[in-house]
Amino acid sequence: VGITDLVPAVAGRGQTLRIRGSGFALAPGERLEVSFTGSALRVPAAYVSDDEARAVIPDDAVTGPVTLYHPTASVMSPAALTVDGNLLVVRGMSPTMAVEGATVRLSGSNLSAATRVLLSGSPVALGTRSDTFLDFVVPTGARAGRVTVEAGSATRTSTAPGFASSRSTVSP
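1. Looking at the pairing of strand β18 (residues 147-151)
Item 1. Where burial is concerned, most of β18 is hidden: five out of the five residues are buried.
Item 2. A two-sided burial pattern is seen for β18, the buried positions comprising V147, V149 and A151 on one face and T148 and E150 on the other.
Item 3. Sheet topology note: the strand β14 (residues 116-119)/β18 ladder contains four bridges and is antiparallel. By the bridge assignment, L119 is partnered in β18 with V147.

2. Thoughts on unusual backbone geometry
Item 1. Cis peptide bonds are those with omega within 30 degrees of zero, and the linkage from V7 to P8 qualifies with -5°.
Item 2. In this structure, P8 sits in the loop between β1 (2-7) and β2 (10-11).
Item 3. For the bond from S94 to P95, the omega torsion is -5°, close enough to zero to count as cis.
Item 4. In this model, N110 sits at a positive phi of 60°, which is unusual for a non-glycine residue.
Item 5. Here N110 lies in the loop between β13 (103-109) and β14.
Item 6. Residue S120 is not a glycine yet carries a positive backbone phi of 55°.
Item 7. When you line up the elements, S120 lands in the loop between β14 and β15 (122-124).

Rules used in this analysis
- Residues numbered from 1 in each chain as written.
- Predicted model: local features only at pLDDT ≥ 70, side-chain atom pairs only at ≥ 80, totals over all residues.
- Heavy atoms only, no water.
- Buried < 20%, exposed > 50% of the residue type's maximum accessible area, 1.4 Å probe, protein only.
- Helix = DSSP H or I, 4+ residues; strand = E, 2+ residues; numbered from the N terminus.
- Pairing = 2+ DSSP bridges.

Here it is, written out as structure tokens:
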């Protein structure tokens, strides 16, 4: 079991961290946990393959190494994860399916810095926003797809399709 790198190397609280390395595979019933500097609790890995594990960075994490707890070994990252509390982070979206004209709320951190939101690559009008939420209205003709939030040079795109218009159709 070994960690080679952390992706991204600079991340915000609530963001998913990819821990790359080798020997992460688990037997049925086994669990992989991750601890972050400054955090009192270990976080269960949300995804595990032989060469990658993913975990959400907790709200109390600070800059420092990341430790992976595998049933056969505990290993520390060779480089520190830089936790930047000023980064734009999108943690959730509600609802994930909406009709044209409906308001969708994104939740996260530093969302007041958002300058643009894109739905499937098309810009949408920004509504009410604060550091912890941002509202937008689903435009006419919206297509299902990923939601992207931009703030200056920072861009955050949903990693799952995340949004489906109730007028969309899915073909096999």
